[in-house]
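# Residue-level structure breakdown
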Amino acid sequence: MKHLFSLLVALLVAAASHAQGVLQFEKDLHDFGNVPEGTMATYEFKFKNTGNQPVIIANVQASCGCTTPDWTKTPVMPGKSGIVKAVYSSAGRPGIFNKTVTVTSNAAAPSTVLTIKGNVLNKDQIKATLTPAQLAQGPKLTLDRASHDFGKMEAGQTPSARFTVKNTGKQDLILSAVQSQCYCVGYKAAPAPIKPGQSATVELVYNQRKLGQQQEVVTLTSNDMHGDTKLTLKATVVQDLNAGSMVKESGASVPFK
C-alpha cells in the first residue's frame, strides 16, 4: 500500500511538472522585402498555446528603438491564439535592416526570439522602378500653403500650425515622419490615411528654444512617390514675452534685460 501511495504521488508530481503552456509560433522570421522609406513596416507574428495551461506574455523587448512591439496582454488559454506585433519605423533609415524582438512568458520555453528584416528603399530608388502609368496611379500630396509664421513666441512654448493636406492621387495617402534640422517639429497627433480626392487637417507642433529669428525647413515624408513635401516654419523667439521689449537709453533703442 505504501509503495502504491508513493507511486501515486510520483505520478501526480510528474503530471504537475508537465502542466505548462506552450507558445507555438507560425513562424519566427518575417522578411518584408523592399520597404518604401517613410512607411511603418508592420507584421503580426501569430501563435497558438498548444500546452495545457494558460500562457501570459510578461514582456516583449525590441533590439532597437526603431522597432515598436505590441502583444496579446490577456492570458492565452490552451488551444487559443494570440499575436506579437512588430512595427519598424523606416523613416530616415535607408538600407538593409535585421531586427529582433524577444518574447518573455511563463511558457515551457520562457524566451522566444522573433526576427524581422528587409531593405528600405528611398523614393528615388522606388521611382526608378515605376512606369509613368504606375506613378500616376499612386497617391499625391498637395499642401494649402508652403509656410507659416508664428510671429513672436517665447522660448519653450509649443505653438502649433494647421495645414490642409489634400490627396490628389488615386491611392490612400499615408503621412509618416516629420523631419527637420532642429528636431523640434512633430505632429500633434498621428495623421490618419487620406483617401483619394479627400482633404485633412494636420497640426504641426513647434518647440524651439533658440533665441532670435528662426526659420526651419520641414519635410513631410509619405508614400507619395513623386517626392517628399517641404514647408517652412518661421518665428521670432524671445526669452520672455511679458517683459518690455525695448527701452530708451541715450536716445538709442536697446533690448530690455
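Conventions used here
Residue positions are counted from 1 within each chain, in the order its sequence is given. Whole-chain, interface and lining totals are the exception, using all residues; otherwise, since this is a predicted model, local features are given only for residues with pLDDT of at least 70 and side-chain atom pairs are given and counted only at 80 or more. Values shown for side chains rest on all heavy atoms present in the structure; no hydrogens or waters enter the calculation. A pair of strands is labelled paired if DSSP reports no fewer than 2 bridges between them. Where helices and strands are cited, they refer to DSSP runs of H or I of at least four residues and of E of at least two residues respectively, numbered from the N terminus. The axes are straight lines fitted to the C-alpha atoms, using for helices just the contacting stretch, and the angles between their N-to-C directions are given from 0 to 180°. Counting rule for disulfides: a pair of cysteine sulfur atoms within 2.5 Å. Remark: exposure states derive from per-residue accessible area (1.4 Å probe, protein chains only) relative to the maximum for the residue type, with buried under 20%, exposed over 50%, and partly exposed in between. What qualifies as a polar contact is a pair of N or O atoms within 3.5 Å, subject to a donor-acceptor requirement within protein and to the restriction that residues adjacent in sequence count only when both atoms come from side chains. Aromatic rings from Phe, Tyr and Trp, taking only the six-membered ring of Trp, are treated as a pair when their centres fall within 6.5 Å; an angle between ring planes under 30 degrees marks them as stacked, one over 60 as edge-to-face, and anything in between as tilted. Note on criteria: charge over ring means Lys NZ or Arg CZ within 6 Å of the ring centre, with the direction from the centre no more than 35 degrees off the ring normal. A pair is scored as a salt bridge if a Lys or Arg side-chain nitrogen falls within 4 Å of a carboxyl oxygen belonging to Asp or Glu.

### Observations regarding the sheet that holds strand S3 (residues 40-49)
Across the sheet, four strands lie side by side as S1-S3-S6-S5; this open sheet has antiparallel pairing. Pairing within the sheet leaves two strands with one partner each, and these edge strands are strand S1 (23-25) and strand S5 (67-71). The mean angle between the axes of side-by-side strands here comes to 25°, regardless of whether they run parallel or antiparallel.

### Observations concerning the state of the cysteines
Within the structure shown, the criterion is met by two disulfides. Covalently, Cys-64 is tied to Cys-66 through a disulfide, its sulfur atoms 2.1 Å apart. Residues Cys-64 and Cys-66 are joined by a disulfide whose S-S torsion is about -75°; by sign, that bridge is left-handed. Each of the two residues, Cys-64 as well as Cys-66, counts as buried. The partner cysteine of Cys-182 in its disulfide is Cys-184, sulfur to sulfur 2.0 Å. Judged by the torsion about the S-S bond (-80°), the Cys-182/Cys-184 disulfide is left-handed. Sequence-ordered numbering of the bonded cysteines in the chain yields a pairing of 1-2, 3-4.

### Things to note about the side chain of Asn-223
Mapping Asn-223 onto the fold places it in the loop between strand S15 (212-222) and strand S16 (229-238). Within the local environment of Asn-223, its side chain forms a polar contact with the backbone oxygen of Asp-172, the two atoms lying 3.1 Å apart.

### Some words on the packing of aromatic side chains
In this description, an aromatic ring pair is defined by two values, namely the gap between the centres and the angle between the planes. For the structure shown, the criterion picks out five aromatic pairs. Centroid distance Tyr-43 to Phe-45: 5.0 Å. Interplanar angle 80°. Geometry classified as edge-to-face. For the pair Tyr-43 and Phe-45, a shared accessibility class is recorded, and that class is buried. Where Phe-150 meets Tyr-206, the ring centres are 5.3 Å apart and the plane angle is 5°; that geometry is what we call stacked. Pair noted here: Phe-150 is in strand S10 (residues 147-154) and Tyr-206 is in strand S14 (residues 199-206), with a separation of 56 residues, a long-range link. Tyr-206 shares its class with Phe-150; the two are buried. Among the aromatic side chains, those forming a connected cluster through ring pairs are Phe-32, Tyr-88 and Phe-97. Lying over the aromatic face of Trp-71, Lys-73 brings its terminal NZ or CZ to 4.2 Å of the ring centre. Its end group placed over the ring of Phe-163, Arg-145 keeps NZ or CZ at 4.2 Å from the ring centre.

### Description of the pattern of salt bridges
The full count for this structure, using the stated rule, is six salt bridges. Note that Asp-228 is salt-bridged to Lys-123, the shortest N-O span being 2.7 Å. With Asp-228 in the loop between S15 and S16 and Lys-123 in helix H2 (residues 123-127), this pair connects stretches of sequence that are 105 residues apart. Judged by its relative accessible area of 39%, Asp-228 falls in the partly exposed class. Take Lys-123: its relative accessible area is 10%, and that puts it in the buried class.

### Digging into the pairing of strand S6 (residues 81-89)
In this structure, S3 lies alongside S6, joined through nine bridges in antiparallel fashion. Bridge pairing in S6 places Met-40 opposite Ser-89. Pairing between S5 and S6: five bridges, direction antiparallel. Bridge pairing in S6 places Trp-71 opposite Val-84.

### Here we look at the sheet that holds strand S4 (residues 57-62)
Taken together, the four strands give an open sheet; going across it, the order is S2-S8-S7-S4, and neighbouring strands pair in mixed fashion. One side of each edge strand has no neighbouring strand; the edge strands of this open sheet are strand S2 (29-36) and S4. Across the sheet, the axes of successive neighbouring strands diverge by a mean angle of 20°, strand direction being ignored. Where strand S7 (residues 95-105) and strand S8 (residues 111-121) come together, 10 bridges link them in antiparallel fashion. Bridging from a neighbouring strand, Phe-97 pairs with Gly-118 of S8.

Note that every value here comes from positions in space, so none of it alone points to a role or purpose.
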